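Inside the fold
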Amino acid sequence: MNIVCAADDNFVQHCTIMLTSVLINNTNVNIFLLTEGLTADNESIINQQVNSLGGTLKICLVDATIVDKFPMPKDANLSHISRATYYRLLIPEILPKNVDKVIYLDCDIIVNQSIQDLWDIDLSEYALAAVPQIGSGFEAERLGYPIEYGYFNAGVNVINMDYWREKNIAKKLIDYIATNYKQIKYHDQDALNAVLYSHTLHLLPMWNMTSLIYGYFLSQRGDKKDGRIINSYEQEKINASKYKRNPIIVHFVSKPKPWQKGCVHPLSHLYYDYAKKTLAFNEIKQELKVVLYINRVKYWLQCHISYIKQIFISTDKTRL
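Residues numbered from 1 in each chain as written. Predicted model: local features only at pLDDT ≥ 70, side-chain atom pairs only at ≥ 80, totals over all residues. Heavy atoms only, no water.

Further remarks concern the overall build of the protein. For the protein, the helix and strand inventory stands at 11 helices and 12 strands. Within the span of the protein, comprising 320 residues, buried residues form 52% of the whole. Looking at the protein alone, contacts between residues at least 24 apart form 78% of all its contacts between residues at least 6 apart. Here the protein displays about 15,000 Å² of accessible surface, and carbon together with sulfur accounts for 51% of that area. (Helix = DSSP H or I, 4+ residues; strand = E, 2+ residues; numbered from the N terminus. Buried < 20%, exposed > 50% of the residue type's maximum accessible area, 1.4 Å probe, protein only. Contact = heavy atoms within 4.5 Å. Areas by Shrake-Rupley, 256 points an atom, 1.4 Å probe, with all protein chains shown as cover.)

Time to look at the sheet that holds strand 9 (residues 209–210). Adjacent strands of a sheet form backbone hydrogen bonds with each other and so pair up, either parallel or antiparallel. The strand order across the open sheet formed by three strands is 5-12-9, and the pairing between neighbours is mixed. Edge positions in the sheet fall to strand 5 (109–111) and strand 9, since each of these pairs with one other strand and no more. Here strand 9 runs beside strand 12 (residues 249–251); their pairing, made up of two bridges, is parallel. Across the sheet, the residue bridging to Met-209 is Val-250, located in strand 12. (Pairing = 2+ DSSP bridges.)

To continue, consider helix 2 (residues 40–52). Between its first and last C-alpha, helix 2 extends 18 Å over 13 residues, near the 18 Å set by a 1.5 Å rise per residue. Inspection of helix 2 places Asn-42, Ile-46, Gln-49 and Val-50 among the buried residues, and these make up the whole buried set. The buried residues of helix 2 occupy an angular sector of 95° when the element is viewed end-on, so they sit on one face. What points out from helix 2, more than 90 degrees from its buried face, is the exposed set Ala-40 and Asp-41. Where helix 2 is buried, its residues contact helix 1 (12–25), strand 2 (30–35) and strand 3 (56–61). Phi for Gly-54, located one or two positions after helix 2, is positive at around 85°. (Expected span 1.5 Å × (residues − 1). Arc of directions from axis to C-beta.)

Below, the discussion takes up the packing of aromatic side chains. For the structure shown, the criterion picks out six aromatic pairs. Seen from their ring centres, Tyr-145 and Tyr-197 are 4.5 Å apart, and the 5° between their planes marks the pair as stacked. With Tyr-145 in the loop between helix 5 (138–143) and strand 7 (152–160) and Tyr-197 in the loop between helix 8 (187–196) and strand 8 (200–202), this residue pair connects regions lying 52 residues apart in the sequence. The class for Tyr-197 is partly exposed, based on a relative accessible area of 24%. An angle of 55° between the planes, with centres 6.5 Å apart, marks the rings of Tyr-151 and Tyr-186 as tilted. Linking Tyr-151 in the loop between helix 5 and strand 7 with Tyr-186 in the loop between helix 7 (169–179) and helix 8, this pair joins segments that are 35 residues apart in sequence. Among the residues examined, Tyr-151 registers a relative accessible area of 1% and is labelled buried. One aromatic cluster in this structure is built from Phe-11, Trp-259, Tyr-271 and Tyr-272. The ring of Tyr-274 is capped by Lys-277, whose NZ or CZ atom sits 5.0 Å from the centre of that ring. (Phe/Tyr/Trp six-rings, centres within 6.5 Å; stacked < 30°, edge-to-face > 60°. Lys NZ or Arg CZ within 6 Å of the ring centre and 35° of its normal.)

A separate point is the sheet that holds strand 6 (residues 128–132). The seven strands lie next to each other as 3-2-1-4-7-6-8, forming an open sheet whose pairing is mixed. Both edges of this open sheet fall to strand 3 and strand 8, since each of them pairs with a single strand only. Going from strand to strand, the sheet's axes swing by 25° on average, the running direction of each strand aside. Where strand 2 meets strand 3, six bridges bridge the pair, whose relative direction is parallel. Each bridged residue has a counterpart across the sheet, and for Thr-35 the counterpart in strand 3 is Leu-61. Most of the contacts of helix 1 go to strand 1 (residues 2–6), to which it runs at about 165°, and overall it touches strand 1, strand 2 and strand 4 (101–105). (Axes fitted to C-alpha atoms, helices over the stretch in contact; angles between N-to-C directions.)

By size, the foremost hydrophobic cluster in this structure holds 56 residues, and its most contacted members are Ile-115 and Leu-118. Top element by residues in this core is helix 1. It accounts for seven residues. Sequence-distant contacts of Leu-118, that is, excluding residues within four places in its chain, are made with Ile-103, Val-156, Val-158, Leu-203, Trp-207 and Ile-249. Residues Phe-32, Val-102, Met-161 and Tyr-163 belong to the second largest nonpolar core, which totals 38 residues. (Core = buried A, V, L, I, M, F, W, Y, C linked by side-chain atoms within 4.5 Å.)

Here's what the structure looks like:
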């Protein structure tokens, strides 16, 4: 199994904890870490952790100038995004030619069970596999492709490296960014969707349980256009409900994340559970339970007030 991730010195803690969760739940794992460069201490932290759990690690240095001019998100909730996130567009060009398939994972992820079945997915006819975000099809129209294809989250991808190399996908992605610079909102994720929407195998949420799954009123979300339901995501909602309490992969998208104050995610403790199993970060502590409870009550109120407002607003974006 080949795992690819990207990190800089600011994300070493989260990268190490994510990789720990992967290695505890899976065997025969080869890890490729894309970076502009890490300090000797940080490189040692990741190396020691991976080796202690039986994995292999190859650090791949990336030329930072390649992505210097790429657009960065302006949304304050996405300020954690760094240039490193664009490296996934270049994975087939950076990794050795004999690597024909990889699973890309963001570092704000916890792999809580085996992902062997994800690795075994047949991608012979596709460029990649990814999980659509329930009710985010309106992003497709912003990017100029049919809403019927929906919009997938790029934090977990299975990449067909041979397909990318044969079809020169990396160049197409970079060309898209250069041509559509001003309309890009979600960095490389937009480019992947815009270029590969019809060449992507859609997966069920079990393989990328984003924070949206744990929000309120998920059952009300879907893609609607001109009064007509385009995507109702019924199977996705059933799958999300099945794995909600015991996810295979949980993805802490947007802020606040488990290591930040004010996090309201009901499974934020998983981050600390795996942190305890690391060599370098086993002493970090989560916020007090009473603080977590107060934050979640506030979030509950905000969500319900927002939902009441939406009842009186005509929109195709967040409700069926």
